[in-house]
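The residues making up each chain are set out below.
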Amino acid sequence: MVTTIEAEAIEIDPQTQVVNDDGSSFADFTDELNSFTTSVTGSISKYPFENGRRYHAFKSGTYPLPNDELEAERMNVVHHMLKKAIGDRLFVAPVPEPHRILDVGTGTGIWAIEMGDAHPQAEILGNDLSPIQPSWVPPNVRFEVDDFESDWAFSTPFDFIFLRTLYFSVADWPRLVKQAYNGVKPGGWVEFQELDLQYYSEDGSFKDSSAMAGWLKILLDSSRNAGRDPCPGPKVEGWVKEAGFRNVVHQKIKVPIGPWAKEKRQKDIGLFNLVQTLDGLEGFSMRLFTNVLGWRPEEVEVMCSKVRVELKSKSNHVMYDLHVVYAQKPE
Ligand SMILES: C[S@@+](CC[C@H](N)C(=O)[O-])C[C@H]1O[C@@H](n2cnc3c(N)ncnc32)[C@H](O)[C@@H]1O
């Protein structure tokens, strides 16, 4: 016996049944196709590969972290970790109801997309060196390939500019902060969420003699040698004040690595952080250690595996600080 189950008819979206003024009904999906097709030229996505990792092609070599799937997953874990760390929110600044929002160095675009859903009245633009953001996004979210260290050329100022985890990325922080100042409208807000990657512990379990401490020192030194501050967090407040912002608020939040804290929220944050750190170890180190320090890839891998063991140990109660700084441009 054959049972045939008829498929249900697919209902047509009335928006697609466009009738023109003259009664004709010609309309096509050019707009939808255009937004699906990424606006970038081929060269921007001809990504170079090094030691098994994929890197950005536009302004090649300026940013040391990969832009492949593994790194995208890591960035998304960091997104959830940071949201939790600031109280299950996307941002902290008391922005009334933003209409134009810029997400500088958007990464996978996850923050911009969630903002688009949460603020349907707002337009959100995310820019990045890598066009790795998804194509299907809320209609009010747009992504552009851009170098945020070049001169900004936005025609209309923004109500809110958001900059998160741009450590390892920025050669001239005061200039970037000044561009954010010029890019926001009077009365508008900026928010920075930056890390100070310097690990520490409050019970003496983080030892200078550990593999973790050795690796971290090399990582931070090599990024500084490459001219990119890996720990901008504590300095953001100063740059923001220098740029002319007012109503500056600076919050320092401890971020554990590993689920060793007693309190549930801290434990969850720690677990997210352990996952992203284990996933990110090799990506953080590979380009900097091989290109800046001349290590062989195998040496990087050996060091990372030693650090991995320590990171997973229950007796290490390590953390670092997240610095959230928000501020307003004077009216
Ligand atoms: C650690 S990720 C953070 C991504 C995102 N802000 C977030 O918090 O999820 C840093 C991002 O900055 C981008 N980036 C680095 N230098 C850049 C530049 N000069 N112009 C534009 N994007 C840049 C990188 O491609 C990467 O996606």
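Predicted model, so just to flag it, every value in this text is computed and none were measured.

**Student:** Is there a simple way to explain the overall build of the protein in this structure?
**Tutor:** Helix and strand content of the protein: eight helices and nine strands. Taken over 331 residues, the protein has a buried fraction of 49%. Taking as baseline every contact in the protein between residues at least 6 positions apart, the subset at least 24 positions apart corresponds to 70%. When the accessible surface of the protein is totalled, it reaches about 16,800 Å², and 54% of it is carbon and sulfur.

**Student:** Explanation requested: the sheet that holds strand β4 (residues 123-128) in the structure shown.
**Tutor:** Strand pairing in a sheet is mediated by backbone hydrogen bonds. Such pairs are either parallel or antiparallel. With mixed pairing, the seven strands of this open sheet are ordered in space as β5-β4-β3-β6-β7-β9-β8. Pairing within the sheet leaves two strands with one partner each, and these edge strands are β5 (141-145) and β8 (246-257). The sheet shows a mean angle of 15 degrees between the axes of neighbouring strands, taken without regard to direction. One ladder, built from six bridges, connects strand β6 (residues 158-164) with strand β7 (residues 184-201); its direction is parallel. The partner of L163 across the bridge, within β7, is F192.

**Student:** Mind showing me how you'd approach empty space enclosed by the protein here?
**Tutor:** Unfilled space is identified by rolling a water-sized probe across the atoms. Considering all chains together, one arrives at two cavities of 30 Å³ or more under this definition. Looking at the largest cavity, its volume works out to about 80 Å³. Lining the largest cavity are L197, Y199, W215, Q276, T277, G280, L281, F284 and Y320. Those elements that place two or more of their residues in the lining of the largest cavity are β7 and α7 (264-292). It is α7 that contributes the most residues to the lining of the largest cavity, five residues altogether.

**Student:** Which parts of the structure should I look at to understand unusual backbone geometry?
**Tutor:** Glycine aside, a negative phi is what most residues show, and trans is what most peptide bonds show. Positive phi outside glycine occurs at N51, with the angle close to 45 degrees. Secondary-structure assignment places N51 in the loop between β1 (49-50) and β2 (53-54). For F168, which is not glycine, the phi dihedral falls at a positive 70 degrees. Checked against the element boundaries, F168 lands in the loop between β6 and α4 (173-183).

**Student:** What am I meant to see in the pattern of salt bridges here?
**Tutor:** A side chain with one charge can pair with a side chain of the opposite charge if their charged atoms come near. Across all of its chains, the model carries 21 salt bridges by this definition. Among the salt bridges present, the one from K83 reaches E114, with a minimum N-O distance of 2.8 Å. In this pair, K83 sits in helix α2 (residues 69-85) while E114 sits in helix α3 (residues 110-118), placing the two residues 31 residues apart along the sequence. The exposure class of E114 is partly exposed, given its relative accessible area of 21%. One salt bridge in this structure joins D321 and K252, with 3.8 Å as the shortest N-O distance. You can see D321 sitting in strand β9 (residues 318-328) and its partner K252 sitting in strand β8, a full 69 residues away along the chain. Connected via shared salt-bridge partners are R53, D68 and E282.

**Student:** Looking at this model, I keep getting lost on the pairing of strand β3 (residues 100-104). Mind explaining?
**Tutor:** Regular strands have side chains that alternate between both faces of the sheet. For β3, the tally of buried residues reaches four of five residues, placing the bulk of the element in the interior. Each parallel crossover has a hand, and for β3 linked through α3 to β4 it is right-handed. When β3 meets β6, the two strands line up parallel, connected through four bridges. Opposite D103, over in β6, you have F162 as the bridge partner.

**Student:** Any chance you could explain the layout of surface pockets here in plain terms?
**Tutor:** The computed volume of the second largest pocket comes to approximately 580 Å³. Together, 38 residues line the second largest pocket, and Y63, G105, G107, D128 and L166 are the ones closest to its centre. Of all the secondary-structure elements, those providing two or more residues to the lining of the second largest pocket are α2, β3, α3, β4 and β6. Of the residues forming the lining of the second largest pocket, the biggest block, seven residues, is contributed by α2.

**Student:** Looking at this model, I keep getting lost on the packing of aromatic side chains. Mind explaining?
**Tutor:** What describes a pair of aromatic rings is the distance from one ring centre to the other and the angle between the planes of the rings. For the coordinates displayed, the defined rule picks out 17 aromatic pairs. Consider the rings of W111 and F162, whose centres lie 3.8 Å apart with planes at 5 degrees: the pair is stacked. Separated by 51 residues along the polypeptide, W111 in helix α3 and F162 in strand β6 bring together distant segments of the chain. Like W111, the residue F162 is buried in the burial classification. An aromatic cluster of three or more residues is present, and its members are F91, W111, F160 and F162. Taking NZ or CZ as reference, K178 lies 4.6 Å from the ring centre of Y181, over its face.

Each value, and the rule that gives it
Residues numbered from 1 in each chain as written. Predicted model: local features only at pLDDT ≥ 70, side-chain atom pairs only at ≥ 80, totals over all residues. Heavy atoms only, no water. Helix = DSSP H or I, 4+ residues; strand = E, 2+ residues; numbered from the N terminus. Buried < 20%, exposed > 50% of the residue type's maximum accessible area, 1.4 Å probe, protein only. Contact = heavy atoms within 4.5 Å. Areas by Shrake-Rupley, 256 points an atom, 1.4 Å probe, with all protein chains shown as cover. Pairing = 2+ DSSP bridges. Axes fitted to C-alpha atoms, helices over the stretch in contact; angles between N-to-C directions. 1 Å grid on protein atoms, 1.4 Å probe; cavity = no way out; pocket = protein on both sides within 12 Å on 5 of 7 lines; lining within 4 Å. Points joined across faces, edges and corners; volume = space filled by probe spheres on them. Salt bridge = Lys/Arg side-chain N within 4 Å of Asp/Glu carboxyl O. Right-handed = clockwise from strand over helix to strand, strands pointing away. Phe/Tyr/Trp six-rings, centres within 6.5 Å; stacked < 30°, edge-to-face > 60°. Lys NZ or Arg CZ within 6 Å of the ring centre and 35° of its normal.

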